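Reading the structure
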Amino acid sequence: MGIASEAKVFASDSQFSKYGYDIINTPEMSAQVIESFNSMPRDGHSLKRLRNIRLNQYFAYWEEGQWIYALLPKRKYIQSAEFIRLAEAGGVLRHREQLECDPTPLVTAVLDSLPVDFSDSYHINVNQIRVIVNSEFNGVTVPEGPHRDGHLFSVIVVAKRHNVEGGETQVIDPASNEIVHRAVLEENQAVLIDDERYIHYASNITPVEGNDGYRDIWVIEISPWHKRSYGPTHERLALATSSLLKKP
């Protein structure tokens, strides 16, 4: 049986196929996975804000009716300054500790909702992030502003919201700067984005009561393996883009 007959058929009239974005419900994560957000280290590359972060990177492919994942060796995380116009992040090698939980059931649910080519293999970043707001730090969810990530698909999943309002996710047409979709994602909701077509953003979070709150999310970035954002070649090319930004 060939790959095409094994793979799920993606409807050509689906929301994503027609518009390049979609909102989906995601599987409820276990208590152990939710608890793992409490033990994440602080992002040492974003000290003007308070967020905790971990990252796993995977090689993924489809075989005999299932997705197979291989956890890649830990490397520095780097995004091209062509896409990330923030001096602390664009073209900068950043340290990320790996996850203490298994996110692949969530990744599978996401892949099952996207028009992936089952004959291809993929590089997948799974970022686990907690954005914190308190009396000292504003709840800045997207310090780089409206942007694209430089992948085929970008996916933002909300795991938990604690004592916060705001955090409105926006899908934006870069040609017109028109917001084509805006919504506050609830827990176990995700936005799927054609990252080659749109830029995206999320507004800040503020506490509902008192000073303290947080928003826990997954950011899943998906690229064909031959266009992967992983390894020495990607790092060399992304480092070279740092000259595009003015450093303070």
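Rules used throughout
Residues numbered from 1 in each chain as written. Predicted model: local features only at pLDDT ≥ 70, side-chain atom pairs only at ≥ 80, totals over all residues. Heavy atoms only, no water. Pairing = 2+ DSSP bridges. Helix = DSSP H or I, 4+ residues; strand = E, 2+ residues; numbered from the N terminus. Axes fitted to C-alpha atoms, helices over the stretch in contact; angles between N-to-C directions. Polar contact = N/O pair within 3.5 Å; in protein donor to acceptor, adjacent residues only side chain to side chain. Buried < 20%, exposed > 50% of the residue type's maximum accessible area, 1.4 Å probe, protein only. Phe/Tyr/Trp six-rings, centres within 6.5 Å; stacked < 30°, edge-to-face > 60°. Contact = heavy atoms within 4.5 Å. Core = buried A, V, L, I, M, F, W, Y, C linked by side-chain atoms within 4.5 Å.

As annotated in an unreviewed UniProt entry, the protein carries the name 2OG-Fe dioxygenase family protein and is attributed to Pseudomonas fluorescens.

The next thing to look at is the sheet that holds strand β7 (residues 168–173). Two strands in a sheet stick together by hydrogen bonds in their backbones, pointing the same way (parallel) or opposite ways (antiparallel). Within the open sheet, the three strands sit side by side as β8-β7-β10. Their pairing is antiparallel. Two strands lie at the open edges of the sheet, namely β8 (178–184) and β10 (199–202), each paired on one side alone. With direction set aside, neighbouring strand axes in the sheet form an average angle of 20°. As judged from the four bridges shared by β7 and β10, these two strands associate in the antiparallel manner. Residue pairing in the sheet places T169 in a bridge with A202 of β10.

Turning our eyes to something else, we now look at the side chain of N56. Within the secondary structure, N56 sits in strand β2 (residues 51–63). Side chain to side chain, N56 and Y58 meet in a polar contact 2.9 Å long. Separated by 2.9 Å, the side chain of N56 and the backbone nitrogen of L99 make a polar contact.

A separate point is the sheet that holds strand β5 (residues 153–162). Read across the open sheet, the seven strands follow the order β1-β9-β5-β12-β4-β2-β3; overall the sheet is antiparallel. Pairing within the sheet leaves two strands with one partner each, and these edge strands are β1 (21–25) and β3 (66–71). Adjacent strand axes in the sheet meet at a mean angle of 25° when their direction is disregarded. As defined by bridge partners, β2 adjoins strand β4 (residues 121–133) across eleven bridges and the pair is classed as antiparallel.

Moving on, we come to the pairing of β7. When you tally the buried positions in β7, you get five out of six residues, the bulk of the element. Judged from the six bridges that link them, β7 and β8 form a sheet pairing that is antiparallel. What sits directly across from V171, in β8, is H181. The hairpin formed by β7 and β8 contains four residues between the paired strands, and N177 there has a positive phi angle of roughly 60°.

The final tally for this structure, using the stated rule, is eleven aromatic pairs. Judged by centre distance (5.7 Å) and plane angle (70°), the rings of F16 and F153 are edge-to-face. Within this pair, whereas F16 is found in helix α2 (residues 15–19), its partner F153 is found in strand β5, the two being separated by 137 residues in sequence. Take F16 and F153: they sit in the same class, and that class is buried. For the ring pair W62 and W67, a centre distance of 5.5 Å and an interplane angle of 75° mean the geometry is edge-to-face. W67 matches W62 in its accessibility class, with the two residues each being buried.

A few words now on helix α4 (residues 104–111). Along α4, six of the eight residues are buried, which leaves the element largely enclosed by surrounding structure. Contacts from the buried residues of α4 go to β2, β3, β4, β5, β9 (189–194) and β12 (213–224).

With that out of the way, let us pick up the nonpolar core. Counting 31 residues, the largest nonpolar core has L114, V116, I124, V155, W218, I220 and I222 as the members making the most contacts within it. Where this core is concerned, the elements lending two or more residues are β2, α4, β4, β5, β9 and β12. Contact partners of I222, with chain neighbours within four places excluded, come to V110, L111, L114, Y122, H123, I124, H151, L152 and F153. Within the second largest apolar cluster, 16 residues are counted, among which are I129, I156, V171 and V191.

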